[in-house]
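# Commentary on secondary and tertiary structure
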Amino acid sequence: MSKTIITQFLSEQGMYYGDLNFETECQKFIAEMEKGLSPEGSSLDMIPTYLSVKNNIDTNVPAVVIDAGGTNFRVGLVSFDDNMKASVNDFSKTRMPGIERELSKQEFFGTLVDYTKEVAAKSSEIGFCFSYPTQINKDKDGLLLRWSKEVKAPEVVGEMIGANLVSGLKAVDGKDRNVAILNDTVATLLGGKGITSEREFDGYIGFIFGTGTNLCYIEDANKITKITDAQDDTMIINTESGAYNKLPRGMMDKALDEASNNPGDYQLEKMISGRYLGPLVEAVLKGAAKEGLFSATCNEKLMSLENLELIDVSLFVAHPHNTENVLVKCVQEPTDTTLMYELIDAMIERAAKISAIKLSACILKTGAGRDQARPVAIVGEGTTFYKLKDYKEKLDYYMKAYLSKNYGHYYEFIQGEDLNLIGTAIAALAH
Ligand code: BGC
């Protein structure tokens, strides 16, 4: 009974996962990828990385590894022994600059130098995992195209991230340094490739589902028609899939987008990623309460909910009767719990289905993974990927039901510790 109520409510709001046609959405995504690789361009940046997966790595020398993620900023040292075993040392973690308050260009790079100078004294090779849309040049430096994930440092847009960091560090100690900037999806792909060198895969995808969401894959260089200077026959492409704007959006998606720092941009990311899923669930619950779907007291309490975070949502589905939980506190009758659970579950299912659509589109586009013995490796990272209850199982369900069963393409999820840090070190030490 309650399933019908929530299905109908979500469908009316344009938020129901069941109304997304997997095949149609996959084909639309592939078309947008192709356009993004051509000079015409599309909502998918399809950023050439000038990195392939065929490099040699310097061993027994440390690289400084910096990781600027959507929430945290980490810095430390990584080196590889003769057997390519990585050691990850001296890592410290702080908040990503520009999340708590708006920073000027000078403040932003000044903070970066302050956070990194101590570790940067230990090696002149820097790998910088920078998880924002960044145009990479042949020297492996990167120009920030725009911010995502609500970071506030507008003067940094259009700046070279590596050059600014290196000159800031040089002002401290007079030393020159090399820096390689890479996206977190790319770092994760390289890290995953690094730990599976004894396996044979028919391709790799780097997939992040955390504060933001994105994926990268390996493309034939001759299909990247917007560039003519590829150095190898394949290249890793950062799709910037969070910016995709061809999915049908619902009422709550549009309202959340309007209230964000960058209305109109990053539409896919705002529909599913960790930074946005909490507020989106809040909006859906309030919408349902407004229509009187819950008991009277519960409707009232839900309407005055504020700043719901994904962690509270995740804890609710993990333990829907824990009276400490802010959502459980809104419940008046057992049916409230059931309805709430089903609404949240449906939003997690939508995130998983959309993730499966873009991952499947990538695999279908490259034609990889037709041999079950040589599947495509999907290297997955991100707190939400691992911690959001049922997300991974639902993602796997859609991938199996559509990509494998209907299209005959196979994949395997790869996971490991510190893969993006290891991949970043690989990029810094590759030649
Ligand atoms: C960024 C991507 C990044 C993703 C995952 C998005 O907001 O634009 O570059 O890969 O988040 O961290």
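A quick note: this is a predicted structure, and the numbers were derived from the prediction, not measured.

Analysis parameters
- Residues numbered from 1 in each chain as written.
- Predicted model: local features only at pLDDT ≥ 70, side-chain atom pairs only at ≥ 80, totals over all residues.
- Heavy atoms only, no water.
- Core = buried A, V, L, I, M, F, W, Y, C linked by side-chain atoms within 4.5 Å.
- Buried < 20%, exposed > 50% of the residue type's maximum accessible area, 1.4 Å probe, protein only.
- Helix = DSSP H or I, 4+ residues; strand = E, 2+ residues; numbered from the N terminus.
- Contact = heavy atoms within 4.5 Å.
- Pairing = 2+ DSSP bridges.
- Axes fitted to C-alpha atoms, helices over the stretch in contact; angles between N-to-C directions.
- Salt bridge = Lys/Arg side-chain N within 4 Å of Asp/Glu carboxyl O.

If you look at the biggest cluster of nonpolar residues, it comprises 81 residues, and the most contacted ones within it are I205, F207, F294, L302, Y391 and L395. Element by element, the count of residues in this core is highest for helix α11 (residues 334–366), at 17 residues. Non-local contacts of L395, meaning those with residues more than four positions away in its chain, are made with F207, A352, S355, A356, L359, F385 and F413. Counting 31 residues, the second largest nonpolar core, distinct from the first, contains V64, A68, L77 and F128.

The next thing to look at is the sheet that holds strand β8 (residues 178–182). Taken together, 5 strands build an open sheet; the order of strands is β4-β3-β2-β5-β8 and the sheet is mixed. The two strands at the open ends of the sheet, each matched to only one other strand, are β4 (86–95) and β8. Within this sheet the neighbouring strands show an average axis-to-axis angle of 20°, counted without direction. The pairing of strand β2 (residues 63–68) with strand β5 (residues 125–130) spans 5 bridges and is classified as parallel. Bridge pairing in β5 places I66 opposite F128. Packed onto the sheet, helix α5 (residues 184–195) meets β5 and β8 and runs at close to 100° relative to β8.

Two elements, strand β3 (residues 72–80) and β4, share 8 bridges in a ladder whose sense is antiparallel. Along β4, the bridge assignment pairs F80 with A86. With antiparallel pairing between neighbouring strands as the criterion, β3 and β4 make up a hairpin whose turn holds 5 residues, including M84 at a positive phi of roughly 65°.

Following the criterion strictly, the structure yields 26 salt bridges and no others. Note that D67 is salt-bridged to R74, the shortest N-O span being 2.8 Å. Taking the relative accessible area as the measure of exposure, D67 reaches 6% and is therefore buried. Among the residues examined, R74 registers a relative accessible area of 22% and is labelled partly exposed. Via salt bridges that share partners, E200, D202 and R374 belong to a single interconnected network.

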